[in-house]
Amino acid sequence: MTRNGIIYTSVGILMACLAMIGLGYAKVSANAAERLYVSTDSIPANEYGLLLGTSPRTSSGKRNYYFDCRIDAACQLFKAGKINKIIASGGNYTQKKHGCNEPLAIRDSLSARGIPAECILLDYDGTRTIKSIINAKNIYGIDSVTLISQKYHNERAIYLADHYHLHSVGYNAETPDLTGKKIRNISREFLARIKMFIDII
């Protein structure tokens, strides 16, 4: 094969890969489209809400507004009577700089806003979204759940829940108006969805 032939073939393979990644991303989004809610008035009730973990502080030690918005969303659902229990799912990253025990941080934040402690369940093995979903199904033995995170994350979580036969809807927490952070998170989400498809093959 000539040098030009190698270049054209390489470009073709790259374009095909990018197209597959884009189609996979769109497939995940389309799958969740009818099951995402932004209002407590319209979302169906579930016994359990699954709050997908993140830290109250970023890796640089700054306040993580994504965490605050997820806490707000969980409280909205609970106080509207749309969930009765909240699974606080995350990992223990206290060994890292600015890290924390995510389930405990979630519990403390929820409690500070009036959610009874007996209504908060701690999932310490929710270090990845796929683990949070599997734990909800297998450890807590639930068949239906309300997922609580930002829209792009809920889309992927719903796809995973479908794969593990866990009926789910998503309540979209507000996405903070931080342009740079949004771009980074969406870029990371492309990679997360690729990894998800690899995980469930």
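Before reading on, note that the structure itself is shown above.
For clarity, every value in this text was computed on a predicted model and none was experimentally measured.

## Topic: the packing of helix α4 (residues 129-138) against helix α5 (residues 151-163)
Part 1: The interhelical angle for the contact between α4 and α5, taken along N-to-C directions, is 50°, at an axis separation of 10 Å. Considered as vectors, α4 and α5 are oriented oblique to each other. Along this stretch, α4 crosses α5, giving a crossing that reads as right-handed. Residues Thr129, Ile130 and Ile133 of α4 lie in contact with α5, whose contacting residues are His153, Arg156, Ala157, Leu160 and Ala161.
Part 2: In terms of residue class, the contact of α4 with α5 is built from 5 nonpolar, 2 polar and 1 charged.

## Here we look at the nonpolar core
Part 1: Formed by 25 residues in total, the largest nonpolar core has its most connected members in Leu51, Ile71, Ile86, Ile106, Leu110, Ile115 and Ile148.
Part 2: With 8 residues, helix α2 (residues 65-79) is the single largest residue contributor to this core.
Part 3: Residues contacting leucine 110, with those up to four places away along its chain left out, are Ile71, Ala74, Cys75, Ile86, Ile115 and Ile120.
Part 4: Listed in part, the 21 residues of the second largest apolar core include Ile130, Val145, Ala157 and Ile200.

## Digging into α5
Part 1: Across its 13 residues, α5 extends 19 Å between first and last C-alpha, which sits within 8% of the 18 Å expected from 1.5 Å per residue.
Part 2: Most of α5 is tucked away, with 10 of its 13 residues classed as buried.
Part 3: Within α5, burial applies to Tyr152, His153, Asn154, Glu155, Arg156, Ala157, Ile158, Tyr159, Leu160 and Ala161.
Part 4: Histidine 165 occupies a position one or two residues after α5 and carries a positive phi of about 60°.

## Quick look at a nonpolar patch on the surface
Part 1: A cluster of nonpolar residues, Leu191, Ile194, Ile198 and Ile201, forms a patch on the protein surface that exposes about 450 Å² of accessible area.
Part 2: Residue position: leucine 191 is located in helix α6 (residues 179-200).

## Things to note about the side chain of threonine 54
Part 1: Counting through the fold element by element, threonine 54 comes out in the loop between β2 (48-52) and α2.
Part 2: Given a relative accessible area of 17%, threonine 54 falls into the buried group.
Part 3: A polar contact of 3.2 Å, which involves the side chain of threonine 54, links it to the side chain of asparagine 64.

## Digging into the side chain of arginine 193
Part 1: Structurally, the position occupied by arginine 193 is in helix α6.
Part 2: A relative accessible area of 1% places arginine 193 in the buried class.
Part 3: There is a polar contact of 2.9 Å between the side chain of arginine 193 and the backbone oxygen of tyrosine 25.
Part 4: At 2.9 Å, the side chain of arginine 193 forms a polar contact with the side chain of glutamate 189.
Part 5: Those residues in contact with arginine 193, other than ones at most four positions away along the chain, are Tyr25, Val28, Ser29, Tyr152, Glu155 and Arg156.

Reading the values: rules and limits
- Residues numbered from 1 in each chain as written.
- Predicted model: local features only at pLDDT ≥ 70, side-chain atom pairs only at ≥ 80, totals over all residues.
- Heavy atoms only, no water.
- Axes fitted to C-alpha atoms, helices over the stretch in contact; angles between N-to-C directions.
- Helix = DSSP H or I, 4+ residues; strand = E, 2+ residues; numbered from the N terminus.
- Parallel < 35°, antiparallel > 145°, perpendicular 65-115°, else oblique.
- Left-handed = near helix turned anticlockwise from the far one by under 90°.
- Contact = heavy atoms within 4.5 Å.
- Nonpolar A, V, L, I, M, F, W, Y, C, P; charged D, E, K, R; others polar.
- Core = buried A, V, L, I, M, F, W, Y, C linked by side-chain atoms within 4.5 Å.
- Buried < 20%, exposed > 50% of the residue type's maximum accessible area, 1.4 Å probe, protein only.
- Expected span 1.5 Å × (residues − 1).
- Patch = residues over 30% accessible without salt bridge, like charges linked within 9 Å, V, L, I, M, F, W, Y side chains within 5 Å.
- Areas by Shrake-Rupley, 256 points an atom, 1.4 Å probe, with all protein chains shown as cover.
- Salt bridge = Lys/Arg side-chain N within 4 Å of Asp/Glu carboxyl O.
- Polar contact = N/O pair within 3.5 Å; in protein donor to acceptor, adjacent residues only side chain to side chain.

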